[in-house]
Amino acid sequence: MGIPAAIGKALDLNPRPGERAQFLQLLDLWDSHLHSLLTARRWASFSSLPLETRIRVLLSWADSGFGRRRGAFQALRKAIGFLYVMLPGAGSAPSPVWKQFGYPGPLGRQQPKPRPLRPLVPVVDTELSSDICIVGSGAGGSVAAAVLAAGGKDVIVLEAGAYYDDSDFDGAELGGFQRLYLEGGFAATADQSVGLLAGECLGGGTVINYCTSFRTPDDVRGEWAAAGVPWFTSEEYTRNLDAVCARLSVNLDHNRVSAREQVFERGLHNLGWHAAAMPRNVVGCEQGKVCGYCGYGCSLGAKQSGTKTWLVDAQHAGARLVTETRAWRVRIEAGAAAGVDARSRNGSRVTIRSKAVVTACGAIHTPALLLRSGLRNENIGRHLHLHPVSNVCGVFEEEIRPWEGTMQAIYSDEHRFLTGNYGVKYETTALQPVIAVAVLPWREPEHYRSLLGKLSNTMAVGVLLRDRDGGRVTLDGEGHPVAHYALSEFDRAHLRRGFMGAARILEAAGARRIFSPHVKWCAYEPGRKDSLDCFTQAMDAAGWDSGRLALFSFHIMGSARLGGSAKSSATRPDGETWEARHLFVMDGSSFPSASGVNPMISIQAIARRNAMALAERLSI
C-alpha cells in the first residue's frame with residue numbers, strides 16, 4: 001500500500017529535525033539484532049521474526065512502564081494506522097481497506113467556483129510595510145484584520161499555510177490533512193500522549209472545524225473577569241459575541257440529526273439526560289453525505305469560515321493577504337514592535353515593517369513566536385489548555401455509517417459541572433476512517449481488522465474535558481515549538497467520569513459491545529458479558545497516565561493569556577504584551593483558562609473587542 005514511503009513523506013511535514021532524526025533512529029533500533037535479543041531473545045532482525053513474536057515485542061512497548069517507550073509505540077501506531085486508512089489504492093483507485101467496511105472514499109470536487117481572495121505568495125526576497133502586521137489568519141487573525149482594515153488601517157495578514165477554497169475540497173483524508181492541518185495532522189505533544197489537530201491554511205481552524213458555535217458560558221466569563229479582565233462580564237463583550245454570531249450566521253436551523261446522532265439522542269433520552277441542539281455557523285448546509293467530510297473543508301461553501309466572512313471583509317477594506325510565509329521573529333525596537341521577519345515556503349526572506357504587530361498564529365506558535373522575539377515573561381508558553389478529547393465506542397446491530405451526516409447536531413451538558421464549573425461535555429462527530437483509527441486500540445492484527453471492519457456499525461461518544469491544570473510550550477534548540485502536557489489527578493478523575501458516562505449513553509442506546517481508547521483492551525458487552533463496573537475496573541487497571549490511552553485536542557488555548565498583572569498573565573486585558581508595546585495577542589492563546597466549549601466564538605469575540613480598542617488607540 002506504500003505506507004513506508006508515505007511515512008517518509010509525512011516526516012518532512014515535521015519542522016523539527018531532531019524529532020525526524022529520533023524517529024529514524026527508533027526504526028533503526030527496532031530492526032536491529034540487539035533489540036530482538038533484548039525483547040524476544042532472538043539474534044535476528046525484527047522483520048524476520050515470526051508474527052506472534054513481533055506482536056509480543058510491540059505490546060511490550062505499548063504496555064511498558066517507561067513513558068518514552070509508550071510514546072514511541074503511540075507514534076508508530078498513529079503513523080501506520082492513519083496512513084493505512086488514508087492512502088488510496090494504486091493509481092488513485094479506492095483503497096482495498098475501505099471496501100472492508102463499506103466506506104465510499106472521497107466524494108470528489110463539487111462544481112468549480114470563483115475564488116474570492118487574492119493572496120500574495122512571495123517567491124523572491126520581499127520587503128513590505130503596513131500600519132499593522134497580523135500573524136495568522138484563523139479565528140482571531142481574520143477578525144482582527146477585518147476590524148482594523150475597516151478602521152482605516154493598512155493591514156497585512158501573514159499566513160504560514162496556503163489558500164484553498166471550495167473547489168479544492170474533495171473530501172480525501174490524506175490530501176485534507178497534508179494541505180490544511182498543522183504538520184499534516186501528525187502534530188502531537190512531546191510524549192505523543194495528545195495529538196494536536198489545528199489548521200494551517202488561510203482561514204486556519206475556521207476552515208476545518210466542525211461549525212460548532214458556542215458563546216462563552218456566563219460562569220466562564222465570570223472566572224475570566226476575576227482573573228483581571230473585568231470587561232468579560234460587561235455588556236461590551238456581550239455585544240461582541242452578538243456581532244460575531246451575526247457575521248457567522250450562527251443558527252439552529254441546520255441540525256438534522258444523522259443516524260449516528262440518532263443513536264446518541266436515543267441513549268440520552270433513555271437515561272433522561274440533558275440534550276440540546278448545536279449552534280452552527282452554516283448557511284445552506286447539506287447535512288448529509290457531503291457534510292460528513294467537513295473536517296477537510298466544506299466543498300459547498302456552507303461553512304462560514306474566515307475565508308467566507310472576515311477575510312473577505314478585510315480584503316474589501318484594503319487588507320493584503322500573504323500566504324505560504326511563516327513569521328519567525330517580531331522586530332522589537334526601543335521596546336515596541338516594529339515589524340516581522342518571515343520566510344516563505346520556497347526560502348525567500350520576507351520583511352514587513354509595521355507600527356504594530358498582532359500575533360494570532362495559535363496557542364502553539366504564538367508563544368513560540370513571542371519567545372523567539374526575545375520576550376521573557378514567565379507566563380508565555382505556560383497555562384496551555386487542550387480540552388483533551390477521546391471517544392468511547394459502541395458497536396451496534398444496526399448499520400450506522402458514522403461518516404455520514406451533520407458533523408455535530410446535538411450535545412449533552414449532563415456532566416459539565418462535576419467539580420465547580422469543571423467537567424465534561426458529550427459530543428459526537430462524523431467518524432471518517434482516520435478519526436476512527438485515531439482512538440482504535442491495537443493489540444494484534446486480526447483484532448484490529450475486526451474492529452475496523454465493524455466501523456459501519458460503530459458509533460462513538462466524544463468526551464470533551466474542560467481541563468483545569470495546564471501544560472507548557474517551549475522551544476527546541478532550533479526555535480521550533482514543543483508542547484508538553486500531562487493530565488493532572490484532578491483532570492484524570494473527570495475524564496474517567498466522562499468515559500463512564502459515555503459508556504452509559506451507549507449502553508442505554510443498545511450497544512452490543514462498548515470499548516475505550518486505552519492501549520490495553522477495555523471492553524464489555526451489556527447484558528451478556530461483564531458490566532459497566534467491570535469496564536471501569538479494566539480502565540483503571542489499564543491506567544490514565546500519558547501514553548496509556550489515545551487523546552486528541554481540537555481546542556488549543558491559554559499559552560499567552562490575558563490578565564491583570566505581569567505576574568499572572570502574558571498580556572494586558574487589551575491583548576498587549578507586558579514587555580513590548582504595540583505587540584498584541586488575539587487568538588486562543590489569550591484565554592485566561594480553558595473555555596469549556598468549542599472556542600471559535602470566544603476567540604473571535606475577544607479579537608473583535610481588542611482589535612476595536614487597538615484601532616481607536618492608533619487613531620489618537
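Model, not experiment: these values are computed from the prediction. (Residues numbered from 1 in each chain as written. Predicted model: local features only at pLDDT ≥ 70, side-chain atom pairs only at ≥ 80, totals over all residues. Heavy atoms only, no water.)

Colleague: For this particular structure, what's the right way to read the layout of surface pockets?
Modeller: One water molecule sets the probe size; rolling that probe over the atoms shows where empty space is left. Its volume calculated, the largest pocket comes out at about 900 Å³. Taken together, the residues of the lining of the largest pocket break down into 19 nonpolar, 9 polar and 8 charged. (1 Å grid on protein atoms, 1.4 Å probe; cavity = no way out; pocket = protein on both sides within 12 Å on 5 of 7 lines; lining within 4 Å. Points joined across faces, edges and corners; volume = space filled by probe spheres on them. Nonpolar A, V, L, I, M, F, W, Y, C, P; charged D, E, K, R; others polar.)

Colleague: What's the story with the packing of helix α3 (residues 33-40) against helix α4 (residues 51-62) in this structure? I'm lost.
Modeller: The relative placement of two packed helices comes down to the angle between their axes together with the axis-to-axis distance. Where α3 meets α4, the closest approach of the two axes is 10 Å, and the angle between their N-to-C directions is 80 degrees. If you check the angle between α3 and α4, you find them roughly perpendicular. Judged by residue contacts, His35, Thr39 and Ala40 of α3 engage Thr53, Val57 and Trp61 from α4. A breakdown of the residues in the contact of α3 with α4 according to their chemical character gives 3 nonpolar, 3 polar and no charged. (Axes fitted to C-alpha atoms, helices over the stretch in contact; angles between N-to-C directions. Helix = DSSP H or I, 4+ residues; strand = E, 2+ residues; numbered from the N terminus. Parallel < 35°, antiparallel > 145°, perpendicular 65-115°, else oblique. Contact = heavy atoms within 4.5 Å.)

Colleague: Mind showing me how you'd approach the pattern of salt bridges here?
Modeller: When charged atoms on two side chains of opposite charge get close, those side chains can pair. Throughout the structure, instances matching the rule amount to 33 salt bridges. Here glutamate 489 ties to arginine 492 by a salt bridge, and the two come within 3.2 Å at their closest N and O atoms. Taken together, the residues glutamate 489 and arginine 492, both in helix α17 (residues 489-509) and 3 residues apart, mark about one turn of the helix. Given a relative accessible area of 59%, glutamate 489 falls into the exposed group. Within the structure, one salt-bridge network assembled from shared partners comprises Lys113, Asp165, Asp166 and Lys308. (Salt bridge = Lys/Arg side-chain N within 4 Å of Asp/Glu carboxyl O. Buried < 20%, exposed > 50% of the residue type's maximum accessible area, 1.4 Å probe, protein only.)

Colleague: I keep staring at the pairing of strand β8 (residues 325-333) and nothing clicks. Help me out?
Modeller: Within a regular beta strand, the side chains point alternately toward one face of the sheet and then the other, so they alternate between its two faces. Bridge count for β8 against strand β9 (residues 336-344) is 8 bridges, and the pairing is antiparallel. When the bridges of β9 are listed, alanine 327 appears paired with alanine 342. The hairpin formed by β8 and β9 contains 2 residues between the paired strands, and alanine 334 there has a positive phi angle of roughly 55 degrees. (Pairing = 2+ DSSP bridges.)

Colleague: Where do I start with a nonpolar patch on the surface in this structure?
Modeller: A surface patch of nonpolar side chains, amounting to about 480 Å² of accessible area, comprises Leu34, Leu37, Leu38 and Trp43. Along the chain, leucine 38 falls in helix α3. On the basis of relative accessible area, leucine 38 is assigned to the exposed category, the value being 66%. (Patch = residues over 30% accessible without salt bridge, like charges linked within 9 Å, V, L, I, M, F, W, Y side chains within 5 Å. Areas by Shrake-Rupley, 256 points an atom, 1.4 Å probe, with all protein chains shown as cover.)

Colleague: What exactly am I supposed to notice about the nonpolar core here?
Modeller: Burial of nonpolar side chains together is a common tendency in soluble globular proteins. If you look at the biggest cluster of nonpolar residues, it comprises 77 residues, and the most contacted ones within it are Trp30, Leu83, Phe101, Val434, Val437 and Phe552. Here this core gets 9 residues from one element, more than from any other, and that element is helix α5 (residues 67-86). Among all residues touching leucine 83, those that are not within four sequence positions of it are Ile3, Ala6, Ile7, Leu174 and Phe186. (Core = buried A, V, L, I, M, F, W, Y, C linked by side-chain atoms within 4.5 Å.)

Colleague: Mind showing me how you'd approach the sheet that holds strand β17 (residues 481-484) here?
Modeller: The strands making up a sheet associate through backbone hydrogen bonding, with each pair oriented either parallel or antiparallel. Pairing is antiparallel in the open sheet, where 3 strands are placed in the order β11-β16-β17. At either margin of the open sheet sits one strand with a lone partner, and together these are β11 (382-384) and β17. Between one strand axis and the next, the sheet turns by 45 degrees as a mean value, whatever way the strands run. Examined bridge by bridge, β11 and strand β16 (residues 471-475) share 2 bridges and lie antiparallel to one another. Within β16, the position partnered with arginine 382 by the bridge is arginine 472.

Colleague: What am I meant to see in the environment of alanine 436 here?
Modeller: Within the fold, alanine 436 resides in helix α15 (residues 433-437). When residues no more than four places from it in sequence are discounted, the contact partners of alanine 436 are Leu431 and Leu455.

Colleague: I keep staring at the side chain of asparagine 240 and nothing clicks. Help me out?
Modeller: Among the secondary structure elements, asparagine 240 is positioned in helix α11 (residues 235-247). Here the side chain of asparagine 240 touches arginine 609 through a polar contact of 3.5 Å, landing on its backbone nitrogen. Excluding residues within four positions of it along the chain, asparagine 240 makes contact with Ala605, Arg608, Arg609 and Met612. (Polar contact = N/O pair within 3.5 Å; in protein donor to acceptor, adjacent residues only side chain to side chain.)

Colleague: Help me understand unusual backbone geometry, please; the structure alone is not making it clear to me.
Modeller: Working note: non-glycine residues mostly have negative phi, and peptide bonds are mostly trans. The backbone phi angle of serine 92 is positive, close to 65 degrees, even though this residue is not glycine. Inspection of the secondary structure assignment puts serine 92 in the loop between α5 and α6 (96-99). For serine 92, a relative accessible area of 65% corresponds to the exposed category. In this structure, serine 249 is a non-glycine residue whose phi angle is positive, near 55 degrees. If you trace the backbone, serine 249 turns up in the loop between α11 and β4 (250-251).

Colleague: Which parts of the structure should I look at to understand the environment of glycine 543?
Modeller: Within the secondary structure layout, glycine 543 lies in the loop between α18 (532-542) and β20 (551-553). Residue glycine 543 is classed as buried on the basis of its relative accessible area, which comes to 13%. Along the primary structure glycine 543 and valine 519 are separated by 24 residues, whereas in three dimensions their C-alpha atoms are 9.1 Å apart. Once you skip the residues sitting within four places of it in the chain, glycine 543 turns out to touch His518, Arg548 and Leu549.

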